[in-house]
Amino acid sequence: MNSKFSLYDECSLLLWDEDIKNNISSIDCGESDLNDFFANDAILYSQQLLGKTYVWITDNDPKQIVAAFTVSNDSIKSRLIPKSSLNKINRPIDNHKRGRTYPAVLLGRFGVSKDFQGGHRHVGSQAMEFIKLWFTSKENKTGCRFLLVDAYNSEGVLNFYEHCGFKFIYRTEEEEKDFYGIKSDETLRTRMMYLDLK
């Protein structure tokens, strides 16, 4: 693959629907849970208005899915997060605009095809920059202050989101387990993170 690969110049962003699914192989991100969602559940989520999935597909043949993501409406509810995190979230917001709920978008699923991972292509970072701009552009039809992600609790995934500017809502795994009622000796599969789009 060309090290200067560009999502913007070499791909088209499309809504993942039955027509595309029937003509292009689904994405293989190297993560079975993600692959299964994009192959079997994403369109159903869209039909039920629970989330919309978008894919970047190469413009040149043979067409391939380079990256995919699912977004849905969400919010940050101040009474449901620790005071230390709430203080960080509130700090950049004007005092008279602080509230009990802040509008957010949940990045429910996000994956890059194994064929486009690594190297100097930075497909994941390009995709994340696009998503950030998408929700801060003048064309966005709703208010959205934060991006949320329930990231897989693995070093590589968490490092990627931190590199993209995301922060943990719960400072420690123990704090997050306690909030969700997960026993201390159980594995925490995901970590909730947020990004202030402002």
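Residues numbered from 1 in each chain as written. Predicted model: local features only at pLDDT ≥ 70, side-chain atom pairs only at ≥ 80, totals over all residues. Heavy atoms only, no water.

## As for a positive patch on the surface
A cluster of basic residues, Lys88, Arg91, Arg98 and Lys167, forms a positive patch at the surface. Structurally, Lys167 is set in strand E6 (residues 167-168). (Patch = residues over 30% accessible without salt bridge, like charges linked within 9 Å, V, L, I, M, F, W, Y side chains within 5 Å. Areas by Shrake-Rupley, 256 points an atom, 1.4 Å probe, with all protein chains shown as cover. Salt bridge = Lys/Arg side-chain N within 4 Å of Asp/Glu carboxyl O. Lys, Arg positive; Asp, Glu negative; His and termini not counted. Charge placed at Lys NZ, Arg CZ, Asp CG, Glu CD. Helix = DSSP H or I, 4+ residues; strand = E, 2+ residues; numbered from the N terminus.)

## Considerations on the packing of helix H5 (residues 123-134) against helix H6 (residues 155-163)
For any two helices packed against each other, the geometry comes down to the angle between their axes and how far apart the axes lie. Two elements in contact, H5 and H6, have axes whose closest approach is 11 Å; the angle formed by their N-to-C orientations is 45°. Comparing their axes, H6 and H5 come out oblique. For the element pair H5 and H6, the recorded crossing hand is right-handed. Across from Gly124, Ser125 and Met128 in H5, the residues of H6 making contact are Phe160, Tyr161 and His163. Tallied by class, residues from the contact of H5 with H6 come to three nonpolar, three polar and no charged. (Axes fitted to C-alpha atoms, helices over the stretch in contact; angles between N-to-C directions. Parallel < 35°, antiparallel > 145°, perpendicular 65-115°, else oblique. Left-handed = near helix turned anticlockwise from the far one by under 90°. Contact = heavy atoms within 4.5 Å. Nonpolar A, V, L, I, M, F, W, Y, C, P; charged D, E, K, R; others polar.)

## A few points about the sheet that holds strand E2 (residues 52-58)
An order of E1-E2-E3-E4-E5-E7-E6 is seen for the seven strands of this open sheet, with the pairing classed as mixed. Each edge of the sheet is formed by a strand with only one pairing partner; in this case those strands are strand E1 (11-15) and E6. Two strands pair when backbone bridges link them, and E2 and strand E3 (residues 65-77) are joined in this way by six bridges, in the antiparallel orientation. Opposite Trp56, over in E3, you have Ala67 as the bridge partner. (Pairing = 2+ DSSP bridges.)

## As for the pairing of strand E5 (residues 146-152)
Of all seven residues making up E5, five are buried, and the element is well covered by its neighbours. Here three bridges tie strand E4 (residues 101-112) to E5, and the two strands are oriented parallel to one another. Residue Val105 lies in a different strand from E5, and its bridge partner there is Leu147. For the crossover from E4 across H5 to E5, the handedness is right-handed. Where E5 and strand E7 (residues 190-196) come together, seven bridges link them in antiparallel fashion. Of the residues in E7, the one forming a bridge with Phe146 is Asp196. (Buried < 20%, exposed > 50% of the residue type's maximum accessible area, 1.4 Å probe, protein only. Right-handed = clockwise from strand over helix to strand, strands pointing away.)

## Some words on the nonpolar core
Core analysis: the largest hydrophobic core is formed by 32 residues, its most contacted members being Trp56, Tyr161 and Phe166. If you list the elements that add at least two residues to this core, you get E2, E3, E4, H5, E5, H6 and E7. If one sorts the elements of this core by residue count, H5 sits on top with five residues. Each residue touching Phe166, except ones within four places of it in the same chain, is listed here: Met128, Leu147, Leu148, Val149, Tyr161, Met193, Tyr194 and Leu195. (Core = buried A, V, L, I, M, F, W, Y, C linked by side-chain atoms within 4.5 Å.)

## Overview of the confidence of the model for the protein chain
Model confidence for the protein chain is summarised by a mean pLDDT of 90, while 98% of its residues fall at 70 or above. Mean pLDDT values for the elements of the protein chain range from 80 in helix H4 (residues 83-90) up to 97 in E2. (pLDDT = per-residue confidence, 0-100.)

## Overview of a nonpolar patch on the surface
Taken together, the side chains of Leu80, Phe179 and Tyr180 make up a nonpolar region of the molecular surface, amounting to roughly 260 Å² of accessible area. Take Leu80: it is sitting in the loop between E3 and H4.

## A few points about unusual backbone geometry
With an omega of -5°, the peptide bond running from Asp61 to Pro62 counts as cis. As for its placement among the helices and strands, Pro62 is situated in the loop between E2 and E3. A positive phi angle is found at Leu49, which is not glycine, with a value near 60°. One can find Leu49 in the loop between helix H3 (32-47) and E2. The exposure class of Leu49 is exposed, given its relative accessible area of 73%. Even without glycine at this site, His122 takes up a positive phi of about 55°.

## Topic: the side chain of Thr58
Structurally, Thr58 can be placed in strand E2. Within the structure, Thr58 has its side chain in polar contact with the backbone oxygen of Asn60 (distance 3.4 Å). Within the local environment of Thr58, its side chain forms a polar contact with the backbone nitrogen of Gln64, the two atoms lying 2.9 Å apart. Leaving out residues up to four positions away in the same chain, Thr58 has contacts with Glu10, Cys11, Lys63, Gln64, Val66 and Phe116. (Polar contact = N/O pair within 3.5 Å; in protein donor to acceptor, adjacent residues only side chain to side chain.)

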